[in-house]
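# Structural overview for review
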Amino acid sequence: NEGTWERILQWEKVLHDDGSDASKTNAVPKTSLTKFLGRPTNLSPKAYFKHYLLNHPLPFDRHDWTVTRANADGSSSDVRYVIDYYHDETQANEEEGSGIPDMRAGIGPSEGSALRSLLVDVRPAADGVGEIWGRLVSMPLARRGCRSMLECVLFKGE
């Protein structure tokens, strides 16, 4: 859960940059977890699309986390995040020194079992235009090191 929280804070830093001094020092505005909802039997729209159209494996779990974001004007707003958890068999590693314990002894059938790595897909729920814009434009630009589309086109994120 700590890794998931770190990813939420990454999203918050990109989507909630208000140009204040706190934003310039890489500080994240005060954000707190308000609500946690496990929905393991419900597929998110993205997971549905990836599985049924792209033949991607199904997530083994889904959570919806609601976080309260402190705004610069003193108000607060709630933002819902969708989290899909996947097993990544290609990253499973049980070699000496890998830090992953061999959990086959006494846990389920041991024949052919392997401890799988965990992939976490964290994103704001598509509950509004701002969240959709953040997912489609703001985060991809931030990953390229750009603050705007114009900067990416003219300077290629340098």
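These remarks concern the structure in this document. Predicted, not measured: the structure shown is a model, and the values here were computed from it. (Residues numbered from 1 in each chain as written. Predicted model: local features only at pLDDT ≥ 70, side-chain atom pairs only at ≥ 80, totals over all residues. Heavy atoms only, no water.)

### Notes on the packing of aromatic side chains
Filter applied, for reference: Stacked, tilted and edge-to-face pairs are distinguished by plane angle, under 30 degrees for stacked and over 60 for edge-to-face with tilted covering the rest, among Phe, Tyr and Trp rings (Trp via its six-membered ring) whose centres lie within 6.5 Å. The secondary structure listing takes helices from DSSP runs of H or I that are at least 4 residues long and strands from runs of E that are at least 2 residues long, numbered from the N terminus. Only protein chains enter the calculation, and the probe is 1.4 Å; a residue is then buried if its accessible area is under 20% of its type maximum, exposed if over 50%, and partly exposed in between.
Under the defined criterion, the tally for this structure stands at three aromatic pairs. Both rings, one in F36 and one in W65, keep their centres 5.6 Å apart while their planes meet at 45°; by these two values the pair is tilted. With F36 in strand β1 (residues 31-38) and W65 in strand β2 (residues 61-70), this residue pair connects regions lying 29 residues apart in the sequence. Residue classification places F36 among the partly exposed positions, given a relative accessible area of 43%. Look at W65 and you get buried, because its relative accessible area is 3%.

### Considerations on the pairing of β2
Convention followed: Pairs of strands are assigned from DSSP output, requiring at least two bridges between the strands.
Of all the ten residues making up β2, nine are buried; the element is thus mostly covered by neighbouring parts of the structure. Relative to β2, β1 runs antiparallel, the two sharing seven bridges. Following the sheet pairing, T31 is matched in β2 by R69. Of the strand pairs in this sheet, β2 and strand β3 (residues 76-88) are connected by ten bridges, and their pairing is antiparallel. Paired with D64 across the bridge in β3 is V82. The turn linking β2 back onto β3 is made up of five residues, and G74 within it adopts a positive phi angle of 95°.

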